[in-house]
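Understanding the architecture of this molecule
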Amino acid sequence: MLSKTKKIKVLCLLIFVGLAIFGLSSTNRFIYRSSAASTGPEPAHTGAPGETTCTACHTPNAGSGQFSIQNAPASYTPGQTYQITVRHQTADTSRRRWGFQMTALAGVTPVPTFANLNGSTQIIDGSGGRKYIEHTLQGTFGGQQGGAIWTFNWTAPATNIGAVTLYAAGNQANNDGTFDGDQIYTANVTIQPPAAAPSHPTAFDFDGDHKTEISIFRPEPAEWWYSRSSDNQVRAAQFGATTDKLVPADFTGDGKTDIAVWRPASGEWFILRSEDGSFFSFPFGANGDIPVPADYDGDNKADPAVFRPSTQTWFISLTTGGTSIFQFGAPGDIPTVADYDGDGKADIAIYRPGPGEWWIQRSASGILAFQFGNSSDKPVPGDYTGDGKADATFFRPSTGEWFVLRSEDSSFFSVPFGASGDTPAPGDYDGDGKFDFAVFRPSSATWFVNRSSAGVLIANFGLNGDVPIPSAYNR
């Protein structure tokens, strides 16, 4: 017969075993996992290819909240750092703790360059080179209602590796310390690769990185100053004379803009080679001509050229050989040379201020004429839409507005950017193959650039009295 002490031990054992069996078989989850992942989940819970989401641990309930990835660029510039935001939003007042995890992949290749900006996020390692950024305990914002925001940095790959997708999963929790009753969401956003580098030189690109440089010409000492977009280093050169006309272009075909001037009194050209700093000169044109250098023959070298207003005659010294001479225009016309048909060759073109007419002798498609603008507008043609064709465009000094006639379908749009007194200085400042609206404000020597892929840039560069080099061909 068992002793009283032994009977008690046996009874306790039976109760423990019974509870264990009940807990293991109960649909009410008598046994809970220890606690929710308030200090951050394990890797591989973003919903990316080959991964689960937070539902691997949490029992999700349907919810009406939102979970989003914000501020991701439409396309990336290699090596550039972007500030990314992950956000929860909800009107459900029972949500009182928040979490997320994100990774970045190009296909299945990790793009792991995240960086914390504060103590609300942390970076952890996963398998296969994947890295994750996720909340910390501080970054769960315990007790907070309405939502949560995390902001951190992501740096684009150093080279073009194709489209990159950010994958994220998020938890809007009820803060009860368990895995039950939470709401799980996922989000992803794809960042496109940079546009292919143009096959032809970029205007006013002194370092060959396919980006227009912020640059000025200081007339009195005849100095050229430019801030290289490739490394932000400032370069300067003394070249030319105060009364010379600026004619920067890639005359040597190395993909870099050469510092160059045309001397009206003698009709001479002076070109400083970007390759080695040597220079050469030659006569072409006469006093009274307007210099209009461009690549008229499609060999990626600028051809010296002039427009003679007195006779509306064009003279083009082709680098492929020979001189082209013909008449196009009328008295008072303004030359507006650009590649309007996208064949890689500059087209002879004029803007007629009185009626606001454009006349274009397209090298591949014949003559095109239309009315767009008025007598006080400044023609600033360029490829603003990225289709490889120049768009007829003008800047209205009185209002600081830009008007662009799309080459794709002849529709137009306008953008307010600048103010009366500003000098328009458009170019491709972010290297995405599209011209950007830009102005130089002489009174404060301030540049305002509305970059199509990288946002607005405001920079002080130059002095009052300087001439912005990207305005060299504005008439």
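Here the residue numbers are simple positions, counted from 1 along each chain's written sequence. Local features are withheld for residues below a pLDDT of 70 in this predicted model, meaning they are given only at 70 or higher, and side-chain atom pairs are given and counted only at 80 or more; totals for whole chains, interfaces and linings count all residues. Only heavy atoms go into the side-chain values, all of them from the structure, while hydrogens and water stay out.

**Remarks on the overall build of the protein chain**
Each helix corresponds to a stretch of at least 4 residues labelled H or I by DSSP, and each strand to a stretch of at least 2 residues labelled E; elements are numbered beginning at the N terminus. Of the regular secondary structure elements, the protein chain holds one helix and 34 strands. In terms of overall size, the protein chain is more extended than a compact globule, its C-alpha atoms giving a radius of gyration of 32 Å where 475 residues would be expected to give roughly 23 Å. Taken along the three principal axes of its C-alpha coordinates, the protein chain extends 130 × 45 × 40 Å. Taken over 475 residues, the protein chain has a buried fraction of 44%. Pairs of residues are marked as contacts when any of their non-hydrogen atoms sit within 4.5 Å. Considering only contacts in the protein chain between residues 6 or more positions apart, those separated by 24 or more positions represent 46%. Working note: accessible area of the protein chain is about 21,400 Å², and carbon and sulfur atoms make up 54% of it. Counted as positive: Lys and Arg. Counted as negative: Asp and Glu, with His and the chain ends omitted from the count. Here the site of a charge means atom NZ of a Lys, CZ of an Arg, CG of an Asp or CD of a Glu. Here the protein chain carries 33 positive and 46 negative side-chain charges, and the mean point of each set is 15 Å from the other. Atoms counted for the radius of gyration: C-alpha only. Globule rule: 2.2 Å times residue count to the power 0.38. Using a 1.4 Å probe on the protein chains alone, a residue whose accessible area is under 20% of its type maximum counts as buried, one over 50% counts as exposed, and one in between counts as partly exposed. For every accessible area listed, the method is Shrake-Rupley and the probe measures 1.4 Å; residues are considered covered only by the protein chains on display.

**Considering the environment of E134**
Relative to the helices and strands, E134 resides in strand β7 (residues 131–135). Judged by relative accessible area, which is 2%, E134 ranks as buried. For the pair E134 and V86, spaced 48 residues apart in sequence, the C-alpha separation works out to 10.0 Å. Among residues more than four places away in sequence, those in contact with E134 are T39, G40, P41, F100, Q101, S120, T121, Q122 and I124. We define a polar contact as two N or O atoms separated by no more than 3.5 Å, with the added condition that, inside protein, one atom must be a possible hydrogen donor and the other a possible acceptor, whereas residues neighbouring each other in sequence contribute only through side-chain atom pairs. In terms of polar contacts, E134 uses its side chain to reach the side chain of Q101, at 2.7 Å.

**With respect to the sheet that holds strand β14 (residues 245–246)**
Strands pair, by our definition, only if DSSP identifies at least two bridges between them. In spatial order, the strands read β14-β15-β16-β17; together these four strands make up an open sheet with antiparallel pairing. Every interior strand has two partners, whereas the edge strands, β14 and β17 (279–283), have only one. Bridging between strand β16 (residues 268–272) and β17 involves five bridges; their strand directions are antiparallel. Bridge pairing in β17 links W269 to F282.

**What about the environment of I316?**
Residue placement: I316 occurs in strand β20 (residues 313–317). With 32 residues separating them along the chain, I316 and F284 place their C-alpha atoms 9.0 Å apart. Those residues in contact with I316, other than ones at most four positions away along the chain, are F284, Y296, D303, P304, A305, G322, T323, S324, F326 and I348.

**A short note on unusual backbone geometry**
Residue N175 is not a glycine yet carries a positive backbone phi of 65°. Mapped onto the secondary structure, N175 falls in the loop between β9 (164–173) and β10 (183–191). On the basis of relative accessibility, which here comes to 31%, the residue N175 falls in the partly exposed class. Residues other than glycine seldom take positive phi values, yet A445 does so here, at roughly 50°. With respect to the helices and strands, the residue A445 is situated in the loop between β31 (437–441) and β32 (446–451). Using a relative accessible area of 3% as the deciding quantity, one classes A445 as buried.

**Comments concerning the nonpolar core**
Only buried residues count toward a nonpolar core. Its members are Ala, Val, Leu, Ile, Met, Phe, Trp, Tyr and Cys residues joined through side-chain atoms within 4.5 Å. In terms of nonpolar packing, the biggest core is built from 25 residues, with I84, F100, M102, F152 and W154 touching the most fellow members. Counting only elements with at least two residues in this core, the list comes to β1 (66–70), β2 (81–89), β3 (97–106), β8 (147–155), β9 and β10. Ranked by the residues each element gives to this core, the list is headed by β3, at five residues. Excluding residues that lie within four positions of it along the chain, M102 makes contacts with T46, I69, I84, V86, F114, K131, Y132, I133, F152, L166, Y167 and A168.

**Some remarks on the packing of aromatic side chains**
When two rings of Phe, Tyr or Trp (its six-membered ring) have centres within 6.5 Å they constitute a pair, described as stacked for plane angles under 30 degrees, edge-to-face for angles over 60, and tilted for the intermediate range. Following the criterion strictly, the structure yields 24 aromatic pairs and no others. Where W402 meets F437, the ring centres are 5.1 Å apart and the plane angle is 55°; that geometry is what we call tilted. Of the two residues, W402 is situated in strand β28 (residues 401–405) and F437 in strand β31; the sequence distance between them amounts to 35 residues. Residue W402 is classed as buried on the basis of its relative accessible area, which comes to 0%. Clustering of aromatic rings is evident, with ring pairs tying together F100, F114, F141, W150 and F152.

**Focus: the environment of V189**
As for its placement among the helices and strands, V189 is situated in strand β10. Classification of V189 as partly exposed rests on a relative accessible area of 22%. Sequence-wise, V189 and A74 are 115 residues apart; in three dimensions their C-alpha atoms are separated by 9.2 Å. If near-sequence neighbours (up to four positions away) are discounted, V189 is found in contact with I69, A72, V164, T165 and L166.

**A word on the confidence of the model for the protein chain**
A score from 0 to 100, pLDDT tells how confident the predictor is in each residue. Within the protein chain, residue pLDDT values average 91, and 90% of them lie at 70 or more. Here residues 4–36 is a poorly scored stretch, pLDDT under 50, and it has 21 contacts once near neighbours within four places are set aside; other chains count.

**Observations concerning the sheet that holds strand β29 (residues 412–416)**
Strands in a sheet are paired, the pairing made by backbone hydrogen bonds, and the direction either parallel or antiparallel. Spatially, β26-β27-β28-β29 is the arrangement adopted by the four strands of the open sheet, whose pairing is antiparallel. One side of each edge strand has no neighbouring strand; the edge strands of this open sheet are β26 (378–379) and β29. Across two bridges, the pairing between β26 and strand β27 (residues 392–396) is antiparallel. For P379, the partnering residue across the bridge sits in β27 and is F394.

**Overview of the pairing of β29**
Relative to β29, β28 is paired through five bridges, and the arrangement is antiparallel. Pairing of F403 across the sheet is with S414, part of β29. Linkage of β28 to β29, two consecutive antiparallel strands, is achieved through a turn of six residues, within which S410 is found at a positive phi near 65°.

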